[in-house]
Protein chains: 2
Amino acid sequence: MKKILIFGHKNPDTDAICSALAYAELKIALGWLVEPVRLGKVNAETQYALDYFRVTEPRMVETVSNEVEDVILVDHNERQQSAADIEKVRVLEVIDHHRIANFETSNPLFYRAEPVGCTATIVKKLYKEHGVTIRKEIAGLMASAIISDTLLLKSPTCTEEDVIAARELAEIAEIDLSDYGLQFLKAGADLAKKSIDELISLDAKEFSMGDYKVIIAQVNAVDVHDVFNRQAELEEALNKKIADDRLDLFMFVVTDILNNDSTVLALGKEVRAVEQTFHVTLIDNKAFLPGVVSRKKQVVPQLTHVFETY
Amino acid sequence: MKKILIFGHKNPDTDAICSALAYAELKIALGWLVEPVRLGKVNAETQYALDYFRVTEPRMVETVSNEVEDVILVDHNERQQSAADIEKVRVLEVIDHHRIANFETSNPLFYRAEPVGCTATIVKKLYKEHGVTIRKEIAGLMASAIISDTLLLKSPTCTEEDVIAARELAEIAEIDLSDYGLQFLKAGADLAKKSIDELISLDAKEFSMGDYKVIIAQVNAVDVHDVFNRQAELEEALNKKIADDRLDLFMFVVTDILNNDSTVLALGKEVRAVEQTFHVTLIDNKAFLPGVVSRKKQVVPQLTHVFETY
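Quick caveat, the model's predicted, so the values are computed rather than measured. (Residues numbered from 1 in each chain as written. Chains lettered and ligands numbered in written order. Predicted model: local features only at pLDDT ≥ 70, side-chain atom pairs only at ≥ 80, totals over all residues. Heavy atoms only, no water.)

Interfaces are frequently sized by the accessible area removed from exposure as the parts join. Residue and element names in this part refer to chain A. Each assigned domain of chain A is listed with its residue range as follows: domain 1 (4–189) and domain 2 (192–309). Computed from C-alpha coordinates alone, the two centres of domain 1 and domain 2 are separated by 24 Å. Each partner contributes to the interface: domain 1 provides 24 residues, whereas domain 2 provides 24 residues. Across the interface of domain 1 and domain 2, roughly 2000 Å² is buried in total on both sides, 53% from carbon and sulfur atoms. Where Lys41 meets Glu198, a salt bridge forms, and the shortest distance between an N and an O atom there is 3.1 Å. Counting every contact that joins domain 1 to domain 2 gives nine residue pairs in polar contact (both at pLDDT 80 or more). When contributions to the side of domain 1 that touches domain 2 are tallied by element, the ones reaching two or more residues are helix H2 (44–52) and helix H6 (177–189). In terms of residue count, the dominant contributor to the side of domain 1 that touches domain 2 is H6 (five residues). Counted by class, the side of domain 1 that touches domain 2 contains seven nonpolar, eleven polar and six charged residues. (Domains from an automatic or database assignment. Contact = heavy atoms within 4.5 Å. Buried area = accessible area lost by both parts, 1.4 Å probe. Salt bridge = Lys/Arg side-chain N within 4 Å of Asp/Glu carboxyl O. Polar contact = N/O pair within 3.5 Å; in protein donor to acceptor, adjacent residues only side chain to side chain. Helix = DSSP H or I, 4+ residues; strand = E, 2+ residues; numbered from the N terminus. Nonpolar A, V, L, I, M, F, W, Y, C, P; charged D, E, K, R; others polar.)

Here the focus is the environment of A:Asp162. All names here are of chain A. Summarising the element assignment, Asp162 is placed in helix H5 (residues 160–173). Placed 38 residues apart in sequence, Asp162 and Lys124 show a C-alpha to C-alpha distance of 9.9 Å. Contact partners of Asp162, with chain neighbours within four places excluded, come to Val116, Gly117, Cys118, Thr121, Ile146, Thr150, Leu153 and Thr157. Polar side-chain contacts of Asp162 include one of 2.7 Å to the backbone nitrogen of Gly117. There is a polar contact of 2.8 Å between the side chain of Asp162 and the side chain of Thr159.

All right, on to the environment of B:Pro115 then. Within the secondary structure layout, B:Pro115 lies in the loop between strand E6 (110–113) and helix H3 (119–129). When sequence neighbours within four positions are dropped, the list of residues in contact with B:Pro115 reads A:Pro108, A:Leu109, A:Phe110 and B:Thr159.

Each copy of the sequence occupies a distinct position, and chain B is placed on chain A by a rotation of 180° and an axial shift of 0.0 Å, giving an RMSD of 0.0 Å. Overall, the copies show the geometry of a two-fold rotation axis. Of the C-alpha atoms belonging to chain B, the one lying closest to the rotation axis is found on B:Arg112, 2.5 Å away. A share of 100% of the interface residues of chain B reappears at the interface of chain A, consistent with the copies meeting face to face through the same patch. (Least-squares fit on C-alpha atoms with pLDDT ≥ 70 in both.)

All right, on to unusual backbone geometry then. For A:Asp284, which is not glycine, the phi dihedral falls at a positive 55°. Positionally, A:Asp284 belongs in the loop between helix H10 (272–278) and strand E11 (286–289). Here B:Leu151, not a glycine, exhibits a phi torsion of approximately 45°, which is positive. Examined against the element boundaries, B:Leu151 turns out to sit in the loop between helix H4 (136–150) and helix H5 (160–173). For B:Leu151, a relative accessible area of 5% translates into the label buried. (Buried < 20%, exposed > 50% of the residue type's maximum accessible area, 1.4 Å probe, protein only.)

Residue and element names in this part refer to chain B. Contact geometry of H3 with H4 gives a least axis separation of 8 Å together with a crossing angle of 145°. Here Thr119, Ala120, Thr121, Val123, Lys124 and Tyr127 of H3 come into contact with H4, specifically with Ile138, Met142, Ala145, Ile146 and Asp149. For the contact of H3 with H4, a count of residues per class yields seven nonpolar, two polar and two charged. (Axes fitted to C-alpha atoms, helices over the stretch in contact; angles between N-to-C directions.)

Here the focus is the interface of chain B and chain A. Counting from both sides, the interface comprises 23 residues of chain B and, opposite them, 23 residues of chain A. Taking both sides of the interface into account, the surface hidden between chain B and chain A amounts to around 2100 Å²; carbon and sulfur atoms contribute 56%. A per-residue breakdown of the area chain B buries against chain A is headed by B:Ile100, B:Ser106 and B:Pro108, which together make up 26% of the total. At the junction of chain B and chain A, the tally comes to zero salt bridges. Applying the counting rule to chain B against chain A returns four residue pairs in polar contact (both at pLDDT 80 or more).

Rendered as structure tokens:
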């Protein structure tokens, strides 16, 4: 039996790391030879969950075809968000909750996507369908993933299924969802100590929208001033990234996790797409986006639509 | 509540028609407002099943955006195999057992693909997951779809899950799988009476492979001479299609359902890809392909690989 690697997207968030760990454990229980790995640094929020539940982080890799022929993707499908050499391996399975784009296979595969708030919610269903019980530590990580992706069940991406899954997982993990959740989110939202480079790559995802190349980075903050009191420095780094990667737009979205709003800093030659999408005027390159907390549901589809009908 | 259309691919086969009917019935049982439709003529094999189980064929449509905003695809995902205006509607769900290609959404969706022999096998699982019982007539159609896609459970695409599903469905439908199956397959494999135009469009699917545009048509035959005694006429029609649609290759695959082999007639400027893929030499534009019965598993991936590494 040849080993299969399981991993989430580049610049991994809690769902990318924890769904890889949880799905790998399920596959192993079903007799598969798999190893969960990660495509980037573990962020502070995820580290809090790993420490709390005493689980070792998955091994970091940059390429996969040097090790295996087959892979399983969780929490992503778009090739620019995946391993650098994803075209050189066969994707056996995808478990995801995002749109499908820039994804193509030559062979039939197992693809399970559902429009829920978190990949871990789907992984939980798969445990149930296969009649495998979830260990306490893994349940804690899966609950953390749901808390992270849904901002403690408050994001508009959060569905009834996510709420039920989070509650059941919290019970198995023996945690109070709100108490644990707030500490966990805060661990990831302390931005004052982060370097500018860390800030812009922490949760940055690249998208093709029409003929445009866009990066949308999102960070959670308890105090947005921790970011914007370094705006000049931040803009310098973003403009360098835009030039290096020939981007048409970089949206840097800072989400206030206590008030559930966001402030966007937009740079690049296509910033007017941001103004058009959100019906705002950028002042000092920034705009306040009331109620916007979800990149997937409140930013990507709307911005894609604007770029495609430009 | 706005109506949603459910449909399989163009040039529909039994799975495309019957999985649309079966999944629509499940969705209606779950309270959705859906209508199964079809993107082309009902073939003789499918008609046999519809007549046998006394089910009315779904309504035929060519475009969908004039009627609805949202659709559900079964048994396909590639846009060139779908409704002509598929880009103008939102794909809410896909239930499929093919590779994923030329498929992209702006929004998260429900996507359920499994590498099994037939879409109906997945639809059967969805009935079970939702605790909905399958009516006798619908079970008959689903069993027919599995028989059709797996050539009575003998194709290499057939999995253990397809075998179990077919047996359970046959029991609900009160049919003998082998007796019914052979009559049903023969109804679709009587090619002597079919016009050349019918033959080349009956089950033709278009693919993009690397930079090449390819059509692979497949017909089931009890006697392959019913086709090849009209080879000159057939080649004329295929060459016209190649010129009209600027195809690089047309593979016309005639599958002998009694012996489980195929003979291919290949035309177009890239016929050498066929020779390279199957390690054969075309004689009189034809080659015998022993043991080849599945386009999806034994033709498309191998030919795609050859075109991509040309």
